[in-house]
Number of protein chains: 2
Amino acid sequence: MTTANDALVLDAAAQDLLFREARTANTFTDEPVSDEQIQAVYELVKFAPTAFNQQPLRVVLVRSPEARERLVSHLADGNKAKTSTAPLVAILAADNEFHEELPTQFPHFPAAKDVFFSERPVREGSARMNGTLQVAYFILGLRAAGLAAGPMTGFDAEGIDKEFFADGDHSVLAVVNIGKPGADAWFPRSPRLAYDEVVTTV
Amino acid sequence: MTTANDALVLDAAAQDLLFREARTANTFTDEPVSDEQIQAVYELVKFAPTAFNQQPLRVVLVRSPEARERLVSHLADGNKAKTSTAPLVAILAADNEFHEELPTQFPHFPAAKDVFFSERPVREGSARMNGTLQVAYFILGLRAAGLAAGPMTGFDAEGIDKEFFADGDHSVLAVVNIGKPGADAWFPRSPRLAYDEVVTTV
């Protein structure tokens, strides 16, 4: 899996770390994941682009056994065992009131808050789109820290929102198990579509 | 902007290339972007994770002046000039019929196609979510190729869908200008939320 891609500027080791050798992990070792590691991930991926520099992503690190149990109860059955045993589990959610931050976070056009995001459904769509971009950046950031990610979308989203975001202003996007890969951590790599199946020219 | 992050495994040059020094470009040089460069990007980012290994992302490279003009007509006014002059413009869309590929792309559970995705609204939501993850991977892949990306979501989505995807089965997610950054390519870097504003622990 270490075929370097010579047309790229990114070095081959980084290509492997982020894309070619990294895999979605379903089992983990006991090695803990520290707050310092998660902060290092955030301080890197926070720079990746979104529309209007909006930053709807919120990360809830589920560390207490009691909170872990509450989270697992809302997951699809197939996701419960691995989430119960992962060293760290994070809830990734979109803050649908992100627009309140635009005057400070998008100083080129402070009025964007009111011009584009005064309506809640518009905000929710934007928070979901841009929060999902940030989920992807965060997954790659975990890999950049030498960690394996096990992102999941099989859960009762409304249940998680009610359980962990009592303000009613957040929408869960993904739940991610985080740690060092354990024994038999993944399936064999599945196929990918060929370039010509994905890219066309007009 | 080259403060290395020592808690990361990813080398400092790669951190800079993908996150710290890369910026959203609004102007470009005349240097063309080749199909080989785009294929190199795809062959790297195709490995990044999605749910059920679904791969809804479709990329339309807009190379003919006639197609470029049709695309620009559907963009927000503020996006027209830069899109008219970028070396390459790509439409990134979700294929809402991606589930037809699951039997070959997710061989662990070929029935996923019917069990989870028989209803179109469910498929559309999944295609949008996972296609958006793939948009983020693609943006970082362009940076890995030494290219600057100028992703935009300011456009008439319905207009683009009708203009470029006559089958009615695709939803545009983003339009991306691609090239080497030109003069005054970007604004000064905007702020980012602090770690404690984004990450909490329960």
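The structure this text deals with has already been given above.
Residues numbered from 1 in each chain as written. Chains lettered and ligands numbered in written order. Predicted model: local features only at pLDDT ≥ 70, side-chain atom pairs only at ≥ 80, totals over all residues. Heavy atoms only, no water.

## Section: the relation of the copies chain B and chain A
Step number 1: Each copy superposes on the other: chain B lies on chain A with an RMSD of 0.0 Å after a rotation of 180° and an axial shift of 0.0 Å. What the superposition gives is, in effect, a two-fold axis relating one chain to the other.
Step number 2: Both copies present the same face, since 100% of the interface residues in chain B are matched by interface residues at the equivalent positions in chain A. (Least-squares fit on C-alpha atoms with pLDDT ≥ 70 in both. Contact = heavy atoms within 4.5 Å.)

## Digging into the packing of aromatic side chains
Step number 1: Scanning the entire structure with this criterion turns up 14 aromatic pairs over all chains.
Step number 2: Ring plane angle 40° and centroid distance 4.9 Å describe the contact between Phe52(A) and Phe116(A), whose orientation is recorded as tilted. Taken as a pair, Phe52(A) in the loop between helix H2 (35-45) and strand E1 (57-62) and Phe116(A) in helix H6 (residues 112-117) lie far apart in primary sequence, 64 residues in all.
Step number 3: We classify Phe116(A) as partly exposed; its relative accessible area is 41%.
Step number 4: Centroid distance Phe52(B) to Phe106(B): 5.5 Å. Interplanar angle 80°. Geometry classified as edge-to-face. Here Phe52(B) is found in the loop between helix H2 (35-45) and strand E1 (57-62), whereas its partner Phe106(B) is found in the loop between helix H5 (102-105) and helix H6 (112-117), with 54 residues between them in sequence.
Step number 5: Residue classification places Phe52(B) among the partly exposed positions, given a relative accessible area of 25%.
Step number 6: An aromatic cluster is built from Phe52(A), Phe98(A), Phe106(A), Phe109(A), Phe116(A) and Phe117(A), whose rings are joined through pairwise contacts.
Step number 7: The ring of Phe164(A) is capped by Arg70(A), whose NZ or CZ atom sits 4.7 Å from the centre of that ring. (Phe/Tyr/Trp six-rings, centres within 6.5 Å; stacked < 30°, edge-to-face > 60°. Helix = DSSP H or I, 4+ residues; strand = E, 2+ residues; numbered from the N terminus. Buried < 20%, exposed > 50% of the residue type's maximum accessible area, 1.4 Å probe, protein only. Lys NZ or Arg CZ within 6 Å of the ring centre and 35° of its normal.)

## Things to note about the side chain of His74(A)
All names here are of chain A.
Step number 1: If you trace the backbone, His 74 turns up in the loop between helix H3 (65-72) and helix H4 (77-85).
Step number 2: For His 74, a relative accessible area of 14% puts it in the buried group.
Step number 3: Polar side-chain contacts of His 74 include one of 2.7 Å to the side chain of Glu 163.
Step number 4: For His 74, the residues in contact, after removing those within four places along its chain, are Phe 155, Asp 156, Gly 159, Ile 160 and Glu 163. (Polar contact = N/O pair within 3.5 Å; in protein donor to acceptor, adjacent residues only side chain to side chain.)

## So, helix H4 (residues 77-85) of chain B
All names here are of chain B.
Step number 1: For H4, the full list of buried residues reads Asn 79, Lys 82 and Thr 83. One side of H4 holds all its buried residues, which, seen down the axis, span an arc of 100°. Those residues of H4 that are exposed and aimed more than 90 degrees away from the buried face are Asp 77, Ala 81 and Thr 85.
Step number 2: Looking at the buried residues of H4, the elements they touch are helix H3 (65-72), strand E2 (88-95), strand E3 (148-152) and strand E4 (170-179). (Arc of directions from axis to C-beta.)

## Concerning the pattern of salt bridges
Step number 1: Applying the stated criterion to the full structure yields 28 salt bridges over all chains.
Step number 2: Note that Glu124(A) and Arg120(A) form a salt bridge whose closest N and O atoms lie 2.7 Å from each other. Taken together, the positions of Glu124(A) and Arg120(A), both in helix H7 (residues 120-144) and four residues apart, correspond to about one turn of that helix.
Step number 3: Given the relative accessible area of 26%, Arg120(A) is considered partly exposed.
Step number 4: For the salt bridge of Glu163(B) with Arg70(B), the shortest nitrogen-to-oxygen distance reads 3.2 Å. One end of the pair, Glu163(B), is in helix H8 (residues 157-164); the other, Arg70(B), is in helix H3, with 93 residues separating them in the sequence.
Step number 5: Relative accessible area serves as the criterion here: at 26%, Arg70(B) is assigned to the partly exposed category.
Step number 6: The network of salt bridges with common partners includes Glu97(A), Arg120(A), Arg123(A), Glu124(A) and Asp169(A). (Salt bridge = Lys/Arg side-chain N within 4 Å of Asp/Glu carboxyl O.)

## Details of the environment of Arg120(A)
Residue and element names in this part refer to chain A.
Step number 1: Counting along the chain gives 21 residues from Arg 120 to His 99, while the straight-line C-alpha distance between them is 10.0 Å.
Step number 2: Apart from the residues lying within four places of it in its own chain, the contact partners of Arg 120 are Asn 96, Glu 97, Gly 168 and Asp 169.
Step number 3: A polar contact is formed between the side chain of Arg 120 and the backbone oxygen of Gly 168, at a distance of 3.1 Å.
Step number 4: Engagement of the side chain of Arg 120 in a polar contact is seen with the side chain of Asp 169, the distance being 2.8 Å.

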